[in-house]
Each structure stands twice: as structure tokens, then as C-alpha cells.
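# Residue-level structure breakdown
Next come the chains, spelled out residue by residue.
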Amino acid sequence: MALRNAVMAALLDGEASGYDLAKAFDASVANFWMATPQQLYRELERMEGDGLIAARVVEQERRPTKRLFSLTEAGLAAVRAYTAESPARPTAVRDELMVKVRCADVGDLGAVRTAVAQRIEWATAKLARYERLQARMLNGRSEEQYFTGAERVGPYLTLLRGMAFERENIRWGELALRVLEERSAVRG
């Protein structure tokens, strides 16, 4: 998948500045796609050049001028074409923490335990952000009410996947910490 597909997915929520998109990536798209602000801005320029998005300049008092991006008809056609492509390949995990855990038996067990504990903290914080976003999206409705009445269900479904991912990170991290602490006690 190309970054542009994730950008187009984010722009389905409406017009946004590069800054807004970077925040949206952090809050909602980050559970399935990561990008630095620099990558995002470069991709926005390319997408504008390719006619997939259009930019509107907005003058602001006491703030720099900003550009708001929106999907063009060509961009919407690209979204339709992308979703019609052959099935998505399963993801491949590239996680430095997993490499460190794999080396824990001969490495610095304390440092690995600290890294696992940090992952639990990050996952817990991210899950809390996702839960706040879920509450805003549901706005007092049940999930069933949301699914039957919402204009778009895709953002909520991806949010649920991100929440499940972070819950699993926490569950695995707690297990890993317990096992590594037991191993550390045995090593003495």
C-alpha cells in the first residue's frame, strides 16, 4: 500500500491541512499506517501534482497562511480503484522490540524488560486515546446504532482494529514482563 492511499483515506473525512492530517494520522490512521510529517507533506505535493487532491489557501490573522487539501474527482476515482484491487496482503511485522526480546536470553535482560514495560505504557496511552475517540464517535449511541445510522463505518471499524491491537500489545507485554522477571530471578 502506498502512503497516498492512506492520505486519501484520511481525506474522506473532509478538507484538512497538512498539520491536521498529521494529527489525524497520529490519532486514527496510526493504528494501521505510520508516516512522518515530512513524508506526509512530500506526498501531499506529489498528490496535488497528480491531480488527486486540490489545495485551497486560507489566510489567517496572526498565523501563517495554511493550505487545506481535499480529494478531487480523480482522487475519489483513485480511492474506488484502490479498494477494487486484489485482496490486501497480510501485514509483515517489523518490530525492533521483538528482535530484542528474541535476544533476551543472552542480552541485557533488564534493558529488555524496560523496553517491554515502555511498550505497555505506550499501548496503554494509545488505547486510552482510541477509547476517547470511540466515545466521541459513538456520541452516546450503541455500536449497533452507530453502524445502522452512521454515514461512514470504515473509520470506526479501523478504530476497533487499532484498539484490539493495543489490547493485545498490553496482554503480550504483561506476559513477557512476567516471564522475563522470572527468568531474571533464576539468573540471580
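Our structure is the block above this text.
All of the points below concern the structure found in this document. Quick caveat: nothing in here was measured; it's all calculated off a predicted structure. (Residues numbered from 1 in each chain as written. Predicted model: local features only at pLDDT ≥ 70, side-chain atom pairs only at ≥ 80, totals over all residues. Heavy atoms only, no water.)

## Focus: unusual backbone geometry
A positive phi is found at Arg-62, a non-glycine position, where the angle reads about 60 degrees. As for its placement among the helices and strands, Arg-62 is situated in the loop between β2 (53-58) and β3 (66-71). (Helix = DSSP H or I, 4+ residues; strand = E, 2+ residues; numbered from the N terminus.)

## Details of the packing of helix α6 (residues 109-138) against helix α8 (residues 154-187)
In a packed pair of helices, the relevant descriptors are the angle between the two axes and the axis-to-axis distance. The interhelical angle for the contact between α6 and α8, taken along N-to-C directions, is 155 degrees, at an axis separation of 8 Å. One finds that α6 runs roughly antiparallel with respect to α8. The element α6 and its partner α8 pack so that their crossing is left-handed. Grouping the constituent residues of the contact of α6 with α8 by class yields 21 nonpolar, six polar and nine charged. (Axes fitted to C-alpha atoms, helices over the stretch in contact; angles between N-to-C directions. Parallel < 35°, antiparallel > 145°, perpendicular 65-115°, else oblique. Left-handed = near helix turned anticlockwise from the far one by under 90°. Nonpolar A, V, L, I, M, F, W, Y, C, P; charged D, E, K, R; others polar.)

## Some remarks on the environment of Leu-40
With respect to the secondary-structure elements, Leu-40 resides in helix α3 (residues 37-49). Considering only alpha carbons, one finds Leu-40 and Leu-133, 93 residues apart in sequence, at a separation of 22 Å. Setting aside chain neighbours within four positions, we find Leu-40 in contact with Leu-3, Val-7, Gly-18, Leu-21, Ala-22 and Phe-25. (Contact = heavy atoms within 4.5 Å.)

## As for the sheet that holds β2
The three strands lie next to each other as β1-β3-β2, forming an open sheet whose pairing is antiparallel. In this open sheet, the two strands that pair with only one neighbour each are β1 (16-17) and β2. Both β2 and β3 contribute to a ladder of six bridges, which runs antiparallel. Its bridge partner lying in β3, Val-58 is registered against Lys-66. (Pairing = 2+ DSSP bridges.)

## Some thoughts on the pairing of β3
Looking at chain direction, β1 and β3 are connected through two bridges and run antiparallel. In the sheet register, Ser-17 faces β3, and the bridge partner there is Leu-68.

## Describing the packing of aromatic side chains
By the definition in use, this model includes three aromatic pairs. Ring geometry for Tyr-146 and Tyr-156: centres 4.8 Å apart, planes at 40 degrees, overall tilted. Of this pair, Tyr-146 sits in helix α7 (residues 143-149) while Tyr-156 sits in helix α8, placing them ten residues apart in sequence. We note that Tyr-146, like Tyr-156, is buried. Among the aromatic residues, those joined into a cluster by ring pairs are Tyr-146, Phe-147 and Tyr-156. (Phe/Tyr/Trp six-rings, centres within 6.5 Å; stacked < 30°, edge-to-face > 60°. Buried < 20%, exposed > 50% of the residue type's maximum accessible area, 1.4 Å probe, protein only.)

Taken by themselves, the reported measurements are silent on function.
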